[in-house]
Amino acid sequence: MPRGFGMAAIPQIREQSPLKKIDLRKLPRHIAIIMDGNGRWAQKHTLGRISGHRKGADAVRATVRTCRELGIGYLTLYAFSVENWQRPAAEVEALMGLLKEFLAKEIDELDEKGIRLMTIGNLQALKAPLRRQLKQAVERTAHNEAMVLNVALSYGGRDEIVEAAKKILRDGLAGRISPDEITRENFAGYLYTARIPDPDLLIRTSGEYRISNFLLWQTAYTEFYFTDVLWPDFQREDLLRAIAAYQARERRFGLTSDQLQKD
Ligand code: IPE
Ligand code: IPE
Ligand code: MG
């Protein structure tokens with residue numbers, strides 16, 4: 001179970017932050033991000049789409065660092081969807097190359113900072129060298145407890161649910177579970193996110209207001225935050241602003257406000 005960062009780091013964050021509104025005792029345990037807008041960022045700067053993805057990788061680095069410093073337990077990043085395979089081959093190649101490069105460059109720092117790497121998605125669709133590299137990074141960091149960095153790769157929410165249904169059916173046919181024994185809780189255990197709590201906060205950049213097949217089951221009660229900022233421009237302050245907005249909300253989970261006040 002990831003533990004928060006030591007208390008020593010907290011005053012520093014507070015001083016550096018232009019937004020003093022963040023309550024460090026009420027941080028989201030799990031933040032998920034749909035990192036969108038790399039292509040439009042590139043277009044805005046009259047560059048090719050790949051340059052946008054490259055700049056996007058810098059925003060990933062900064063976001064991971066900030067989450068680690070704050071003491072966020074889980075950060076899930078939507079890096080590549082199952083639908084993204086349909087993009088031009090050169091773009092797909094470049095994205096996979098950037099991912100390899102990112103992993104190679106960052107793995108030492110991730111490990112030193114106690115960050116555990118996990119992935120969700122259909123990794124079988126990736127080429128063998130990248131799959132091996134990911135497997136090694138996941139294994140190397142498996143004992144880390146400060147934060148989970150969960151990368152959604154070749155990920156599709158509907159595929160995840162269909163895969164879960166297949167696994168349950170297999171267990172059923174093998175006599176390990178009967179239909180009446182299926183519950184919300186054990187169903188969730190068949191998803192890619194089996195050991196990961198549901199996201200508290202989902203951020204989507206680039207001014208799009210949709211879920212794009214991301215964490216369909218897990219976001220049932222997640223707070224959504226949309227910003228027009230394009231992913232390569234997303235900075236520490238933008239993340240803090242999203243957290244501040246999250247903290248200003250009341251999560252009712254179907255109850256009334258009065259009921260919540262009584263607890
Ligand atoms: C997000 O940026 C990165 C991936 C989907 C891999 P986009 O590449 O979707 O950027 P836009 O939406 O075209 O601006
Ligand atoms: C969602 O972005 C996927 C990732 C950020 C990896 P897209 O750019 O693929 O989403 P749509 O196509 O605009 O819905
Ligand atoms: Mg996009």
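Placed above this text is the structure.
Residues numbered from 1 in each chain as written. Chains lettered and ligands numbered in written order. Predicted model: local features only at pLDDT ≥ 70, side-chain atom pairs only at ≥ 80, totals over all residues. Heavy atoms only, no water.

**Student:** What is the right way to read the site of ligand 2 from this model?
**Tutor:** Near ligand 2, the surroundings consist of I34, M35, D36, Y78, A79, F80, N84, R87, R204, R210 and S212. At 3.2 Å from an oxygen atom of ligand 2 is found a side-chain nitrogen or oxygen belonging to D36. Expressed as a share of its isolated accessible area of 390 Å², the protein-covered part of ligand 2 is 77%. The greatest single-element share of the shell around ligand 2, amounting to three residues, is contributed by strand β2 (residues 74–81). For the shell around ligand 2, the class distribution of residues is five nonpolar, two polar and four charged. (Near = heavy atom within 4 Å. Polar contact = N/O pair within 3.5 Å; in protein donor to acceptor, adjacent residues only side chain to side chain. Areas by Shrake-Rupley, 256 points an atom, 1.4 Å probe, with all protein chains shown as cover. Helix = DSSP H or I, 4+ residues; strand = E, 2+ residues; numbered from the N terminus. Nonpolar A, V, L, I, M, F, W, Y, C, P; charged D, E, K, R; others polar.)

**Student:** I keep staring at helix α8 (residues 236–247) and nothing clicks. Help me out?
**Tutor:** Owing to its 3.6 residues per turn, the α-helix aligns residues three or four sequence positions apart on the same side. With twelve residues, α8 extends 17 Å from end C-alpha to end C-alpha; this agrees with the ideal 16 Å at 1.5 Å per step. Along α8, the residues classified as buried are R236, D238, L239, L240, A242, I243, A244 and Y246. (Expected span 1.5 Å × (residues − 1). Buried < 20%, exposed > 50% of the residue type's maximum accessible area, 1.4 Å probe, protein only.)

**Student:** Whenever I open this one, the site of ligand 1 confuses me. Can you help?
**Tutor:** Every residue lining ligand 1 is accounted for by M35, D36, G37, N38, G39, R40, R49, H53, A79, N84, R87 and L95. Taking G39, its main chain carries an N or O atom lying 2.9 Å from an oxygen atom of ligand 1. R49 is positioned such that a nitrogen or oxygen atom in its side chain is 2.8 Å from an oxygen atom of ligand 1. Starting from 380 Å² of accessible surface for ligand 1 in isolation, the protein chains cover 86%. Counting residues per element, the ones that place at least two in the shell around ligand 1 are α2 (38–44) and α3 (49–70). No other element matches the three residues that α2 contributes to the shell around ligand 1.

**Student:** Hey, could you run me through the nonpolar core in this one?
**Tutor:** Nonpolar side chains in soluble globular proteins tend to end up buried together. Ranked by size, the top nonpolar core spans 46 residues in total, and within it I31, V64, L75, L149 and I203 carry the most contacts. Broken down by element, this core gets its largest block of residues, eight residues, from helix α4 (residues 89–112). Discounting residues that sit within four places of it in the chain, L149 has contacts with V64, L75, L77, L110, I115, R116, L117 and M118. With nine residues, the next largest nonpolar core counts Y78, A152, L202 and L215 among its residues. (Core = buried A, V, L, I, M, F, W, Y, C linked by side-chain atoms within 4.5 Å. Contact = heavy atoms within 4.5 Å.)

**Student:** Sorry, what's going on with the packing of α3 against α8 here?
**Tutor:** Two quantities define a packed helix pair, namely the angle between the helix axes and the distance between the axes. Packing of α3 against α8 brings their axes to within 9 Å, and their N-to-C directions diverge by 50°. It follows that α3 is oblique to α8 by the angle criterion. In this structure, α3 crosses over α8, and the sense of that crossing is right-handed. Contacts between α3 and α8 involve T63, T66, C67, E69 and L70 from the first element and R236, L239, L240 and I243 from the second. A class-by-class count of the residues in the contact of α3 with α8 yields five nonpolar, two polar and two charged. (Axes fitted to C-alpha atoms, helices over the stretch in contact; angles between N-to-C directions. Parallel < 35°, antiparallel > 145°, perpendicular 65-115°, else oblique. Left-handed = near helix turned anticlockwise from the far one by under 90°.)

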